[in-house]
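Summary of the model geometry
Residue strings, one per chain:
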Amino acid sequence: MSGIMIILLLTIIQFIAGFGLINLFNIQLKPGMLISLAILLGVAVFSIMPFILQLAYIPLTSTNVFIPIIAACVLLNIKFRSGIARLKELKANIRIRIKLYEIPFVVMIAFIVFVSAWRCFYFPPTPRDLTSGAEVIAEYAIREKTMINSVFSVNLESTNNVFKPPFITCLQIIYKYAGFEFGQVWLSTIVACFLIFLYQALTLSLHRIFAGFLVLFFMAIPEMFAYTFMVLFDYANAVFFFLAVWFLYQFFQNQQRNYLAFAGLLMGIATYIRSETLILACLMAPAIVWYHWKNKTGIVKGLISSAFYVGPSLLAYIISISIYINRYLPAKYNIQGLINKNLGDLSPLFTRLSDINNKLIFSDRGVGYYGYFIYFFILLLLLEVVIKRKLNNTTRNWLYAVLVIYIGFPLMGYLLPLLDLDNSTKRGLFKIFPLMLLYMANNSLLVSWSQRITKWETK
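The following paragraphs examine the structure supplied in this document. None of the values given here were measured: they were computed from a predicted structure.

Some words on a positive patch on the surface
Positive charge collects at one region of the surface, where Lys 388, Arg 452, Lys 455 and Lys 459 lie side by side. Tracing the sequence through the fold places Lys 388 in helix α17 (residues 373-388). A relative accessible area of 38% places Lys 388 in the partly exposed class.

Details of the layout of surface pockets
Its boundaries defined by the atoms lining it, the largest pocket holds a volume of some 1,600 Å³. Along the walls of the largest pocket sit 40 residues, with Gly 32, Ile 96, Ala 192, Ile 196 and Gln 200 positioned nearest its centre. Those elements that provide at least two residues to the lining of the largest pocket are α1 (3-25), α2 (31-55), α5 (103-122), α8 (186-203) and α9 (208-219). Among the elements that take part in the lining of the largest pocket, α5 stands out by supplying nine residues, more than any other. In the lining of the largest pocket, the residues fall into 25 nonpolar, nine polar and six charged. Taken as a whole, the second largest pocket encloses approximately 870 Å³ of empty space. Forming the walls of the second largest pocket are 38 residues, and the residues nearest its centre are Asn 160, Glu 276, Tyr 333, Leu 418 and Leu 419. Put simply, the parts of the chain that give the lining of the second largest pocket at least two residues each are α6 (128-144), α13 (277-294), α14 (299-328) and α19 (421-428). When residues in the lining of the second largest pocket are grouped by element, the largest group, five residues, is from α14. Tallied by class, residues from the lining of the second largest pocket come to 21 nonpolar, ten polar and seven charged.

A few points about the nonpolar core
Ranked by size, the top nonpolar core spans 160 residues in total, and within it Phe 218, Phe 247, Tyr 309 and Phe 433 carry the most contacts. Looking at this core element by element, the count peaks at 17 residues for helix α11 (residues 233-254). Once residues within four sequence positions are removed from consideration, Phe 218 is found in contact with Phe 194, Leu 195, Leu 198, Met 224, Tyr 235, Phe 373, Phe 433, Pro 434 and Leu 437.

What about helix α7 (residues 167-177)?
Burial analysis of α7 places eleven of its eleven residues in the buried class, the great majority of the element. Among the residues making up α7, those that are buried are Phe 167, Ile 168, Thr 169, Cys 170, Leu 171, Gln 172, Ile 173, Ile 174, Tyr 175, Lys 176 and Tyr 177.

Considering empty space enclosed by the protein
With a probe scaled to a water molecule rolled over the atoms, the places where space remains empty come into view. The tally for this structure, following the rule as stated, stands at three cavities of 30 Å³ or more. Of the voids in this model, the largest cavity is the one considered here, and its volume is about 90 Å³. Lining the largest cavity are 14 residues; nearest its centre among them are Ile 137, Val 162, Lys 164, Pro 166 and Thr 169. The dominant element in the lining of the largest cavity, judged by the number of residues it contributes, is α6, at three residues. Taken together, the residues of the lining of the largest cavity sort by class into ten nonpolar, three polar and one charged. Each pocket or cavity is described by its volume, and for the second largest cavity that value is around 80 Å³. Lining the second largest cavity, in full, are Ile 112, Val 113, Ser 116, Val 191, Leu 195, Phe 218, Met 219, Met 224, Phe 225, Thr 228 and Tyr 235.

What to know about the packing of aromatic side chains
Applying the stated rule across the entire model yields 41 aromatic pairs. For the ring pair Phe 194 and Tyr 235, a centre distance of 6.4 Å and an interplane angle of 90° mean the geometry is edge-to-face. In this pair, Phe 194 sits in helix α8 while Tyr 235 sits in helix α11, placing the two residues 41 residues apart along the sequence. Tyr 235 matches Phe 194 in its accessibility class, with the two residues each being buried. Relative to Phe 229, the ring of Phe 225 has its centre 5.5 Å away and its plane inclined at 75°; by these criteria the two rings are edge-to-face. Overall, the relative accessible area of 15% leaves Phe 229 in the buried class. A cation over a ring is seen here: Arg 119 above Phe 123, with NZ or CZ 5.2 Å from the ring centre. Here the basic side chain of Lys 426 rests over the ring of Tyr 369, its NZ or CZ set 5.0 Å away from the ring centre.

Some thoughts on helix α15 (residues 347-361)
Taking 1.5 Å as the rise per residue, α15 with 15 residues should run 21 Å; its terminal C-alpha atoms sit 20 Å apart, in good agreement. If you look at α15, its biggest bend is around 25°, right at Asp 355. Among the residues making up α15, those that are buried are Leu 349, Arg 352, Asp 355, Ile 356, Asn 357, Leu 360 and Ile 361. Its buried side turned inward, α15 meets α16 (364-370), α17, α18 (393-415) and α19.

Here we look at the packing of α8 against helix α20 (residues 432-441)
Following both chains from N to C, one finds α8 and α20 inclined at 25°, their axes separated by 10 Å at the closest point. Classified by the angle their axes make, α8 and α20 are roughly parallel. Remark: the crossing between α8 and α20 carries right-handed chirality. Along the contact surface, α8 presents Phe 194, Leu 198 and Leu 202, while α20 presents Pro 434, Leu 437, Leu 438 and Ala 441. Here the residues of the contact of α8 with α20 sort into seven nonpolar, no polar and no charged.

Observations concerning a nonpolar patch on the surface
On the surface, Ile 94, Ile 96, Ile 98, Leu 100, Ile 103, Val 106 and Val 107 cluster together into a nonpolar patch covering about 700 Å² of accessible area. Secondary-structure assignment places Ile 103 in helix α5. Ile 103 sits in the partly exposed class, given a relative accessible area of 40%.

What about unusual backbone geometry?
With phi around 55°, Asn 26 is a residue other than glycine that occupies positive phi space. Among the secondary structure elements, Asn 26 is positioned in the loop between α1 and α2. Positive phi values are uncommon outside glycine, yet Lys 145 reaches one of about 65°. Take Lys 145: it is sitting in the loop between α6 and α7.

Cut-offs used in this document
- Residue numbers restart at each chain and count upward from 1, following the sequence in its written direction.
- Only residues with pLDDT of at least 70 are given local features in this predicted model, and only at 80 or more are side-chain atom pairs given and counted; all residues enter the totals for whole chains, interfaces and linings.
- Hydrogens and water molecules were not included; the side-chain quantities draw on all heavy atoms of the structure.
- Surface patches are drawn from residues lacking salt bridges whose relative accessible area is over 30%; two like charges belong together within 9 Å, two nonpolar side chains (Val, Leu, Ile, Met, Phe, Trp, Tyr) within 5 Å.
- Every accessible area reported is derived by Shrake-Rupley at a probe size of 1.4 Å, with residue values counting cover from the shown protein chains alone.
- Any Lys or Arg side-chain nitrogen found within 4 Å of a carboxyl oxygen on Asp or Glu counts as a salt bridge.
- The sign given to each residue is positive for Lys and Arg and negative for Asp and Glu; His and the chain ends receive no count.
- Here the site of a charge means atom NZ of a Lys, CZ of an Arg, CG of an Asp or CD of a Glu.
- Counting from the N terminus, the helices are the DSSP runs of H or I reaching at least four residues and the strands are the DSSP runs of E reaching at least two.
- Each residue is assigned to one of three classes by its accessible area relative to the maximum for its type, calculated with a 1.4 Å probe on protein chains only: buried under 20%, partly exposed between the two thresholds, exposed over 50%.
- Using a 1 Å grid laid over the protein atoms alone, points where a 1.4 Å probe fits but cannot get out form a cavity; open sets with protein on both sides within 12 Å along at least 5 of 7 lines form a pocket; any residue with an atom within 4 Å of a point counts as lining.
- Grid points are joined across faces, edges and corners, and a volume is the space filled by probe spheres set on the points.
- Polarity classes work like this: nonpolar for Ala, Val, Leu, Ile, Met, Phe, Trp, Tyr, Cys and Pro, charged for Asp, Glu, Lys and Arg, and polar for all others, with Gly in that last group.
- In these notes, a set of buried Ala, Val, Leu, Ile, Met, Phe, Trp, Tyr and Cys residues joined through side-chain atoms within 4.5 Å is what counts as a nonpolar core.
- The contact rule is simple, with two residues in contact once any of their heavy atoms fall within 4.5 Å.
- Two rings from Phe, Tyr or Trp (for Trp, the six-membered ring) form a pair when their centres sit within 6.5 Å of each other. Planes less than 30 degrees apart are called stacked, planes more than 60 degrees apart edge-to-face, and all others tilted.
- Ring-over charges, as used throughout, are those where CZ of Arg or NZ of Lys falls within 6 Å of the ring centre and within 35 degrees of the ring normal.
- The span you would expect from a helix comes to 1.5 Å times its residue count less one.
- What is called the bend at a residue is the angle between a pair of axes, fitted to the seven residues leading up to and ending at it and to the seven starting from it.
- Whenever a helix is involved, its axis is fitted only over the stretch in contact; in every case the axis is a line through C-alpha atoms, and angles between N-to-C directions fall within 0 to 180 degrees.
- Should an angle fall under 35 degrees it is called roughly parallel, over 145 degrees roughly antiparallel, and 65 to 115 degrees roughly perpendicular, with every other angle called oblique.
- For a crossing to be left-handed, the near helix must be turned anticlockwise from the far one by less than a right angle; the clockwise case is right-handed.

Coordinates in, geometry out; function isn't part of it.
What follows is the structure in structure tokens.
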């Protein structure tokens, strides 16, 4: 079977698993958003299954890996009657309409995604963080049928990459068993589906010309594009963190608690990918409390909703770090030793904040990393404040999420000095760009211009 057919088969299975989750939570979305989100969730389901097998000490043979994946698809679609009805509705509502002015954007975006996907397929993984961690563990797991393998018998003093959550390791195992020598083509699935979801989310408030331009501008962020084929945790973490925030804000709009629980699940997946995301999840909690207080539903309900949102992240951290890394792995990792011992001294916090601004964002090096995306965001924000003189609730929400990343990473650098500036923080800032993008999608100037173009079109 050719590689394309295998990818297609895996994608269908991922869609089935993710669709089952969406149906269980009764999430309503446009067809394009639903399909792309279902596949993204399916990738997350894939990444969890070998981990569950490892926790149960079941050998990681190809049969043992793929049978639980199929079983998970069946279990997640336990509400099959409503699922079939939704699939029929989805089929009836699918309308692919590409207008003439969308074609240049679609062609350029498709070409960039193709280049990224080809590199994932054709070239081996090169980042040291992967080759000294998830990749080598996955390679030896194929040989020894366990993630607790010979890798842990060598001297690990020079690296901590083997002590990261098993998200990438599990996906590498699955895709290597599926016939991909380098494994990493799952990243292309995440990238393509995320871009589709982003574009569809932008078109909810913006004209398609603006949406296409913004997605293309987002893809042109140099450092972030590089990590669409340089396999590490940060791009996938940014995807699921964004989705968790997006569905939280959907809960703010429709007040349906199933959306809050779904957002919490997505934040749990983001924490499973990178454990320090738990801190960012906690920083999002004040927005939930404020929402309940503003709507006069009580601070107690705000705290309960915050628990719904943060709880899955805490559970993901406990299982992947406290239990698996601390209890299962033969080599010990002193996590407590990573925490700043002198929390009373706040100077490292302000130093890190200053370094992020002076070295990563507002500098020639920052332009090389992130292009002019941040400058464009600031320009739109200033124009909206000066011209409109106020921000609506939606834009304030997205700005709060941007602030969580902007303040959260200096805070994490202060709490965990191992999260250095030039690696962890540089890549961690990927999470801020989709949030900025959704602020732009709700910028009152762009929205009003979009409405004018739409009115002109209808005439």
